[in-house]
Amino acid sequence: MKSPVEKSYGVLCNAANFCVRKCRDLLRRGISAPEHPASGSAQSEERFRSAFTHASIGMALVSLDGRWLQVNKSLSAMMGYSMEELLKTDFQTLTHPDDLPADLEYVKCLVAGEIQSYVMEKRYFHRDRHIICASLSVSMVRDSAGKPLYFISQIEDITQRKRAEEALRHSEARLSLALAAAGQGTYDADLAAGGEVSFSAECATMLGYESRAFKRSFESLQTMVHPEDWAEAVQARHQYLSGDREEYRTTFRVRTASGGWKWVLCLGAIVERDAQGRPLRLVGTYTDITERKEHEDRIEYLATHDALTGLANRNLLDDRLNQAIARTNRTGRCVLAVLFLDLDRFKVLNDSLGHQLGDLLIKEVAARLCNSMRSSDTVARRGGDEFVVLVEGLAGPDDVLPVAQKIQAAIAEPFVIAGHEIFTTVTIGATIYPTDGVTIERLLANADGAMYRAKLEGGGGFGFYTAELGQRTIERFTMERALRQALDRNEFELYYQPQVRLADGKIVGVEALIRWHQPELGFVLPARFIPLAEDTGLIVPIGEWVLRTASDQLARWRTQGLPEVRMAVNASARQFWQGSLIKVVRELMIQGSFDPSNLEIEVTESVIMRDVAQTIRLLTALKDLGVLITIDDFGTGYSSLAYLRRLPLQRLKIDQSFVHEIGISPGADELVRQIIDLAHAMDLVVVAEGIETAEQLNLLKLWNCDEGQGHYFARAMKADACQALLASGGFIVPEHAERVAT
């Protein structure tokens with residue numbers, strides 16, 4: 001007969017296994033999410049985006065014949081082999097021969113579809129040939145047709161646990177020591193005695209009390225549990241004891257001796273029942289998960305808030321606007337106003353005062369906007385000096401003007417920043433739901449249009465969206481007509497911005513950037529005409545011209561004996577999805593005008609995530625031609641780790657909005673570091689875009705970023721200036737960046 005200690009330990013092990021199984025479920029969803037990124041929870045997606053790489057247990061992607069395709073650092077450390085060495089072998093070689101037949105039988109059933117997954121305990125050989133006891137969980141990843149692709153294995157080293165199990169059967173003291181070492185506390189609830197709960201000394205230590213065991217009645221525990229968590233904790237316990245749920249697992253906050261709160265993971269199992277099957281005794285563990293919860297909350301915050309101001313970012317704005325529309329539809333009596341704000345003369349202020357003071361001004365404006373609005377309103381930053389305010393519960397359009405006037409009065413007050421007294425105004429455009437639009441895109445576009453028309457009439461203005469054809473529409477028609485003639489009139493020109501290896505300043509590539517010199521409109525920035533070209537389909541012939549011109553330029557530099565560099569070309573959404581990009585690359589290869597390994601195609605994250613399956617097919621076709629593939633503007637979309645790992649990428653470019661915040665916002669520093677680590681874990685070269693300061697450069701080098709580009713090295717320049725720079729040696733020393741800028 002087992003002793004009470006042995007029974008208790010067995011229950012504790014079961015409770016711990018519940019925890020591990022749940023974590024595996026979460027990891028599995030994070031790594032192999034359904035092929036519909038928008039259908040999952042953005043909150044969960046961000047939380048487990050780096051689960052594979054940073055998991056505390058070993059994880060691997062395994063081919064159907066047993067070869068390791070991808071492993072994480074935890075598995076490498078567990079086995080004693082480097083990650084590169086593991087990728088050269090298979091799981092059969094490292095498995096104990098007595099355990100291999102059972103494992104292979106499971107694999108056979110899994111491939112045949114007879115089971116969905118399996119869990120087993122097995123033994124592996126460490127590099128130094130000692131035996132590792134492991135808990136193995138394996139699931140199969142199939143394509144849309146059900147064909148097996150590869151296995152996902154989670155491998156937890158349970159060697160110590162196995163050894164502890166053997167020893168703890170003979171000593172209650174050893175059980176206590178093992179729990180203390182694991183940072184866990186135990187509890188034992190006597191359900192027959194009115195629910196009195198005994199807690200171990202480790203529980204007391206965890207909460208900052210004197211290290212000794214103590215007892216509490218179940219009712220008195222309410223004073224220890226956070227009020228917001230109590231009802232859910234009681235419900236989880238009741239459902240488990242009544243048989244409505246299979247496992248007892250819940251998280252809640254517990255008050256510490258200092259009056260603060262700690263998050264704990266509570267696991268438990270029934271170990272004793274009466275003759276009628278009613279539970280008499282519940283035994284389990286408490287584990288401190290405060291640090292993990294804080295990390296998850298931080299990641300969630302970074303994904304939904306602007307790094308500079310702390311305001312809602314575009315992702316959170318879209319979510320809030322969706323909710324506001326739903327609430328307005330339910331009430332049916334009130335209207336929703338969307339206000340689009342743009343600071344007047346901000347570019348002049350930013351250029352004259354410097355970017356750092358400009359950022360401080362943006363932060364002060366954000367603070368005043370928040371102070372001017374109700375707590376129920378949403379204030380968001382769209383980027384740069386643009387803000388959006390959502391105002392709900394208005395009786396009608398007449399209530400919008402007083403809100404706008406209040407905002408303008410607040411912004412009109414002078415700002416004192418670093419000893420400078422700064423005056424600015426704000427122009428506001430407003431649109432009303434549902435009168436002016438019923439979708440997020442239409443409401444924001446109409447509010448933006450109303451703001452733009454108000455700005456044309458002078459700074460500090462306000463205007464509602466109207467259906468009449470305004471100045472902005474006329475400008476669009478004028479630009480579209482000129483754009484259709486631009487290619488024939490040879491009005492486009494390519495500029496080239498160097499991409500530098502951060503370790504030594506060597507130029508390893510250039511990015512081709514289009515410029516438009518229009519006789520009537522003047523120098524037109526890409527931000528003005530590229531969206532229009534996309535809308536009208538003109539981006540396809542323009543994109544083809546860019547690719548052919550850039551390839552010809554690269555070939556000329558090569559014949560002149562200049563150092564070999566990559567030529568990076570941006571692919572538009574229409575080019576990519578219509579397949580014209582692949583067609584042009586093939587034609588250029590047939591003509592022999594360039595080496596495809598020196599051509600780099602940059603595709604934005606938003607384009608990639610539109611249709612992942614089709615994206616993989618198109619990118620694979622490009623890669624098969626020998627072209628390098630880069631995911632551009634990374635961090636501005638919602639890439640799933642599972643999808644990202646499946647894409648045939650070689651390079652990842654961090655969006656300049658994140659680089660700009662380096663050294664200014666700790667949150668941005670943390671996010672950029674994580675992006676670099678994530679990319680390196682997937683063997684991607686990381687390029688930082690928009691480097692403008694020495695501090696940004698030094699931090700990126702410290703974080704092992706591979707390459708970078710930006711005004712700190714050189715601005716985009718004409719072909720002859722870039723040619724001279726390459727001929728001079730092909731290195732850029734940051735101190736001389738201004739000297740080589742054009």
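Refer to the structure above for everything that follows.
Residues numbered from 1 in each chain as written. Predicted model: local features only at pLDDT ≥ 70, side-chain atom pairs only at ≥ 80, totals over all residues. Heavy atoms only, no water.

**Student:** Help me understand the overall build of the chain, please; the structure alone is not making it clear to me.
**Tutor:** Check the secondary structure of the chain and you find 30 helices and 27 strands. Each of the 742 residues in the chain was classed as buried or not, and the buried ones make up 51%. For the chain, the proportion of contacts with a sequence separation of at least 24, taken over those separated by at least 6, is 61%. Summed over all atoms, the accessible surface of the chain reaches about 34,900 Å², with 51% contributed by carbon and sulfur. (Helix = DSSP H or I, 4+ residues; strand = E, 2+ residues; numbered from the N terminus. Buried < 20%, exposed > 50% of the residue type's maximum accessible area, 1.4 Å probe, protein only. Contact = heavy atoms within 4.5 Å. Areas by Shrake-Rupley, 256 points an atom, 1.4 Å probe, with all protein chains shown as cover.)

**Student:** I'm lost on the sheet that holds strand 6 (residues 184-190) in this one. Help?
**Tutor:** The strands that make up a sheet are held in pairs by hydrogen bonds between backbone atoms, and each pair lies either parallel or antiparallel. Strand order in the open sheet made by the 6 strands is 8-7-6-11-10-9, with antiparallel pairing throughout. Because the sheet does not close on itself, it has two edges, and the strands there are strand 8 (214-216) and strand 9 (248-255). Pairwise comparison of adjacent strand axes, ignoring direction, gives a mean angle of 25° for this sheet. Bridge analysis of strand 6 against strand 11 (residues 279-288) gives 7 bridges, and the strand direction is antiparallel. (Pairing = 2+ DSSP bridges. Axes fitted to C-alpha atoms, helices over the stretch in contact; angles between N-to-C directions.)

**Student:** Please clarify how the sheet that holds strand 17 (residues 426-433) should be interpreted in this entry.
**Tutor:** Read across the open sheet, the 5 strands follow the order 13-14-12-17-18; overall the sheet is mixed. Unpaired on one side and paired on the other, strand 13 (378-383) and strand 18 (462-464) mark the two borders of the sheet. Across the sheet, the mean angle from the axis of one strand to that of its neighbour is 20°, orientation sign disregarded. Examined bridge by bridge, strand 13 and strand 14 (residues 386-394) share 5 bridges and lie antiparallel to one another. Counterpart to Ala 380 in the pairing with strand 14 is Val 388. Packing against the sheet, helix 16 (residues 400-412) makes contact with strand 12 (335-343), strand 14, strand 17 and strand 18, and its axis sits at approximately 160° to strand 17.

**Student:** What's the story with the pattern of salt bridges in this structure? I'm lost.
**Tutor:** Close approach of charged atoms lets side chains of opposite charge pair. This model, assessed by the stated rule, comprises 30 salt bridges. Measuring nitrogen to oxygen at the nearest pair gives 2.8 Å for the salt bridge that ties Asp 229 to Arg 253. With a gap of 24 residues between them, Asp 229 in helix 11 (residues 227-241) and Arg 253 in strand 9 connect regions that are remote in the sequence. For Asp 229, a relative accessible area of 9% gives the class buried. Among the residues examined, Arg 253 registers a relative accessible area of 17% and is labelled buried. Arg 651 is paired through a salt bridge with Glu 707; the nearest N and O atoms lie 2.8 Å apart. Taken together, the positions of Arg 651 in strand 25 (residues 651-654) and Glu 707 in strand 27 (residues 707-709) put the pair 56 residues apart, joining distant regions of the chain. Judged by its relative accessible area of 4%, Arg 651 falls in the buried class. Relative accessible area serves as the criterion here: at 8%, Glu 707 is assigned to the buried category. Each of Glu 544, Arg 548, Lys 583 and Glu 587 takes part in one network of salt bridges that share partners. (Salt bridge = Lys/Arg side-chain N within 4 Å of Asp/Glu carboxyl O.)

**Student:** What is the right way to look at the packing of helix 14 (residues 346-353) against helix 15 (residues 355-372) in this model?
**Tutor:** In a packed pair of helices, the relevant descriptors are the angle between the two axes and the axis-to-axis distance. Axis separation between helix 14 and helix 15 bottoms out at 6 Å; the angle between their running directions is 135°. By the criterion of interaxial angle, the relationship of helix 14 to helix 15 is oblique. Residue-level inspection shows Phe 346, Leu 349, Asn 350 and Leu 353 of helix 14 in contact with helix 15, the latter providing His 355, Leu 357, Gly 358, Leu 361 and Ile 362. In the contact of helix 14 with helix 15, the residues fall into 6 nonpolar, 3 polar and no charged. (Parallel < 35°, antiparallel > 145°, perpendicular 65-115°, else oblique. Nonpolar A, V, L, I, M, F, W, Y, C, P; charged D, E, K, R; others polar.)

**Student:** Would you mind showing me how to read empty space enclosed by the protein here?
**Tutor:** To find the voids left in a structure, one rolls a probe of water-molecule size over its atoms. As enumerated under the stated definition, the model contains 2 cavities of 30 Å³ or more in all. By volume, the largest cavity is sized at about 270 Å³. Lining the largest cavity are 22 residues, and of these Phe 199, Leu 221, Val 225, Phe 252 and Tyr 286 sit closest to its centre. Those elements that place two or more of their residues in the lining of the largest cavity are strand 6, strand 7 (196-199), helix 10 (201-206), helix 11, strand 9, strand 10 (261-273) and strand 11. Among the elements that make up the lining of the largest cavity, the one with the highest residue count is helix 11 (4 residues). Residues that form the lining of the largest cavity fall into these classes: 21 nonpolar, no polar and 1 charged. Its boundaries defined by the atoms lining it, the second largest cavity holds a volume of some 100 Å³. Taken together, 13 residues make up the lining of the second largest cavity; nearest its centre are Val 62, Phe 91, Tyr 118, Val 138 and Ser 153. (1 Å grid on protein atoms, 1.4 Å probe; cavity = no way out; pocket = protein on both sides within 12 Å on 5 of 7 lines; lining within 4 Å. Points joined across faces, edges and corners; volume = space filled by probe spheres on them.)

**Student:** Before we go on, may I ask you to explain the environment of Leu 619 in this structure?
**Tutor:** Considering the arrangement of structural elements, one finds Leu 619 in helix 24 (residues 612-624). Each C-alpha atom of the pair Leu 619 and Ile 601 lies 9.5 Å from the other, and the pair is 18 residues apart in sequence. Apart from the residues lying within four places of it in its own chain, the contact partners of Leu 619 are Phe 576, Val 603, Ile 629, Leu 647, Pro 648 and Leu 649.

**Student:** Help me understand helix 28 (residues 694-702), please; the structure alone is not making it clear to me.
**Tutor:** Residues Gln 696, Leu 697, Leu 699 and Leu 700 constitute the buried set of helix 28. Residues of helix 28 that are buried in the fold lie against helix 26 (656-660), helix 27 (666-681) and strand 26 (685-689). Remark: Asn 704 follows helix 28 within two positions and exhibits a positive phi of approximately 70°.

**Student:** I tried to follow unusual backbone geometry on my own but got confused; where do I start?
**Tutor:** Glycine aside, residues mostly have negative phi, and peptide bonds are mostly found in the trans state. Residue Tyr 433 is joined to Pro 434 through a cis peptide bond whose omega torsion reads 5°. The phi torsion at Asn 490 lies on the positive side, around 55°, for a residue other than glycine. As for its position among the elements, Asn 490 is in the loop between helix 18 (471-486) and strand 19 (492-501). Classification of Asn 490 by relative accessible area gives exposed; the value is 60%. Of note in the backbone geometry, Asp 683 takes a positive phi value of approximately 60° without being a glycine.

**Student:** Explain the pairing of strand 12 here, please?
**Tutor:** Strand 12 sits mainly inside the fold: 9 of its 9 residues count as buried. Every second residue of strand 12 is oriented toward a common face, with Val 335, Ala 337, Leu 339, Leu 341 and Leu 343 on one face and Leu 336, Val 338, Phe 340 and Asp 342 on the other, all of them buried. Here strand 12 runs beside strand 14; their pairing, made up of 7 bridges, is antiparallel. Looking at strand 14, one finds that Phe 340 is bridged to Val 388. For strand 12 and strand 17, the ladder comprises 8 bridges, and the chain directions are antiparallel. Paired with Leu 341 across the two strands is Ile 428, which belongs to strand 17.

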